[in-house]
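Below, each chain spelled out in residue letters.
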Amino acid sequence: MRLNCITPPYILSRLLDSDNQAIREAALNTLLTTARLRGQRDVRGPMAAAVATPGDGRRTIFDCKHGTYLPRARIARSEGDEPVSDAPVNRAYDGFGATKDFYHDVLQRNSIDDRGMQLLGYVHRGTRYNNAFWDGQEMVFGDGDGQVFTDFTGSLDVIAHELAHGVTEHTAGLEYHNQSGALNESLSDVAGSMVKQWSLKQTADQADWLIGAEVFTPDIDADALRSMKAPGTAFDNKLFGKDPQPDHMDRYVDLPDTDEGDYGGVHINSGIPNKAFYLVASGIGGNSWEAPGHIWYESLKASTVDTQFQDFADTTFAKAGELYGVGGPEQEAVRAAWDGVGITLTPPKNPRGR
Ligand SMILES: [Zn+2]
């Protein structure tokens, strides 16, 4: 089964070296669970078969009550229900709502598949589970170990990041390894940050551009999982080391295409296109979800399973020209942004042709 997890494997593996036994055990259990789920054929919830039915992004949040077998989870809140007493249920419900509304209002997309796919969320999965994931049909949230990680429903950009993996799956289908995988990761961060900025009505200048600022407990010295504005600076602490993300092609990290290698560093090299999007948004100015978001979304739809950084950069330049005018400030901001991360756009073969 394909799993898109929010917690990068390099953080969990560093926690295996912690002096604190409880932290080590929670990290190990999370890593083992994730590996086991990847090997399973089916652990889906009872409604998974119904998700193909158009539902205008109808939300259902289930409570796993610390179990791991999704079919046993109970419905905690359905579309239109009043808030319940359990905060993670309401946060998942509201996070799904904000993400669905963003796609609908800003990008005119009807839920993840653009056909009204239902949004299913499972909270309180397992005990001390340090992850949240999208499995292609539903989003599942752990509560965190309470020492390093807190409950994963607290971060709107994490929720939007995971649902955006579904959007990518239903559009370009970028393969989850090496550069196409890092692009896949980056496009989820871009969507995650845009949904947060849109919901807070923040301009590109006002936004913090952090991903997962809320996933750590207050005891942990880390700003977030990642910084799109300054990749490589989200954390630097004794417990899990320094943020390994590069912000330029000169620092691209070559890693093996294995589970341990983060499939060629998909959560690491995503720093490069993340920084490019931040540079476009700050170069154009105003709201990231306007011109920058539309250029990126149209480029996602024009991409394929094996699109590489260079291909994507060239596509964003072409889309900026189509949408906002050839040679306009948007197109120039796109060129400058990719230059800023060490990617020079491919010159057109026939400059006078289209
Ligand atoms: Zn992801």
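A. Local environment of the overall build of the protein chain. The helix and strand inventory of the protein chain stands at 10 helices and 10 strands. Each principal axis of the C-alpha distribution contributes one length, and for the protein chain these read about 60 × 45 × 35 Å. Within the protein chain, the fraction of its 354 residues that count as buried is 57%. Long-range contacts, defined here as pairs at least 24 residues apart, represent 64% of the contacts in the protein chain between residues at least 6 apart. If you sum the accessible surface of the protein chain, you get close to 14,500 Å²; carbon and sulfur atoms cover 48% of it. Seen as two clouds, the 33 positive and the 50 negative side-chain charges of the protein chain have centres 3 Å apart.

B. Focus on the sheet that holds strand β3 (residues 74-78). One open sheet accounts for six strands, arranged β1-β5-β6-β4-β2-β3; its pairing is mixed. Looking at the sheet topology across the chains shown, the edges are occupied by β1 (4-5) and β3. Here strand β5 (residues 132-134) pairs with strand β6 (residues 139-141) via three bridges, running antiparallel. By the bridge assignment for β6, Trp134 is matched with Met139. Strand contacts of helix α3 (residues 87-107): β2 (59-63), β3, β4 (119-123) and β6, with the helix running at about 155° to β2, the strand carrying the most contacts.

C. A look at the coordination of the zinc ion. In this structure, His161 (NE2), His165 (NE2) and Glu185 (OE) serve as the protein donors to the zinc ion, at separations of 2.0 to 2.1 Å. Read N to C, the donor residues that coordinate the zinc ion are spaced as H-x3-H-x19-E. You can see His161 sitting in helix α4 (residues 156-170) and its partner Glu185 sitting in helix α5 (residues 178-200), a full 24 residues away along the chain. The burial state of His161 is the same as that of Glu185; both residues are buried.

D. Just the nonpolar core, in detail. In this structure, Phe149, Phe216 and Trp338 are the most contacted members of the largest nonpolar core, which totals 81 residues. Sort the elements by how many residues they give to this core and α3 lands first, with nine residues. Both of domain 1 (4-170) and domain 2 (178-340) provide at least three residues apiece to this core. Excluding residues within four positions of it along the chain, Trp338 makes contact with Pro273, Ala276, Trp296, Phe312, Ala313, Thr316, Ile343 and Leu345. Within the second largest apolar cluster, 13 residues are counted, among which are Met1, Leu3, Cys5 and Phe62.

E. Highlighting the packing of aromatic side chains. On inspection of all chains with the given rule, the structure shows 16 aromatic pairs. Their ring planes at 20° and their centres at 5.4 Å tell us that Phe216 and Phe240 sit as a pair that is stacked. Remark: Phe240 occurs in the loop between β9 (236-237) and β10 (241-242) and Phe216 occurs in the loop between β7 (210-211) and β8 (226-227); sequence separation between them is 24 residues. With respect to burial, Phe216 and Phe240 carry one shared label: buried. Taken together, a centroid distance of 5.8 Å and an interplanar angle of 0° make the contact between Trp296 and Trp338 stacked. One end of the pair, Trp296, is in helix α8 (residues 291-301); the other, Trp338, is in helix α10 (residues 329-340), and 42 residues separate them in sequence. Judged on exposure class, the residue Trp296 and its partner Trp338 are both buried.

F. Structural detail: the side chain of Ser288. As for its position among the elements, Ser288 is in the loop between α7 (271-284) and α8. Taking relative accessible area as the criterion, Ser288 reaches 0% and is therefore assigned buried. With residues near it in sequence (within four places) discarded, Ser288 still touches Met194, Gln197, Trp209, Phe277, Ala281 and Gly293.

G. Seen up close, the domain arrangement of the protein chain. With domains assigned, the protein chain is organised as domain 1 (4-170) and domain 2 (178-340). Averaged C-alpha coordinates put domain 1 and domain 2 at centres separated by 22 Å. Counting from both sides, the interface comprises 36 residues of domain 1 and, opposite them, 40 residues of domain 2. Of the roughly 3,300 Å² buried at the junction of domain 1 and domain 2 (both faces included), carbon and sulfur atoms supply 67%. It is Tyr10, Phe102 and Asp157 that lose the most area in domain 1 upon contact with domain 2, and together they represent 20% of the buried surface on that side. Applying the counting criterion to the domain 1 and domain 2 interface returns two salt bridges. Notably, a salt bridge pairs Arg38 with Asp259, separated by 3.5 Å at the nearest N-O pair. If you look at where domain 1 meets domain 2, you find 17 residue pairs in polar contact (both at pLDDT 80 or more). Elements supplying a minimum of two residues to the side of domain 1 that touches domain 2: α1 (9-15), α3 and α4. If one sorts the elements of the side of domain 1 that touches domain 2 by residue count, α4 sits on top with nine residues.

Calculation criteria
Residues numbered from 1 in each chain as written. Predicted model: local features only at pLDDT ≥ 70, side-chain atom pairs only at ≥ 80, totals over all residues. Heavy atoms only, no water. Helix = DSSP H or I, 4+ residues; strand = E, 2+ residues; numbered from the N terminus. Buried < 20%, exposed > 50% of the residue type's maximum accessible area, 1.4 Å probe, protein only. Contact = heavy atoms within 4.5 Å. Areas by Shrake-Rupley, 256 points an atom, 1.4 Å probe, with all protein chains shown as cover. Lys, Arg positive; Asp, Glu negative; His and termini not counted. Charge placed at Lys NZ, Arg CZ, Asp CG, Glu CD. Pairing = 2+ DSSP bridges. Axes fitted to C-alpha atoms, helices over the stretch in contact; angles between N-to-C directions. Donors = N, O, S within 2.8 Å, 3.2 Å for Na, K, Ca; no water. Core = buried A, V, L, I, M, F, W, Y, C linked by side-chain atoms within 4.5 Å. Domains from an automatic or database assignment. Phe/Tyr/Trp six-rings, centres within 6.5 Å; stacked < 30°, edge-to-face > 60°. Buried area = accessible area lost by both parts, 1.4 Å probe. Salt bridge = Lys/Arg side-chain N within 4 Å of Asp/Glu carboxyl O. Polar contact = N/O pair within 3.5 Å; in protein donor to acceptor, adjacent residues only side chain to side chain.

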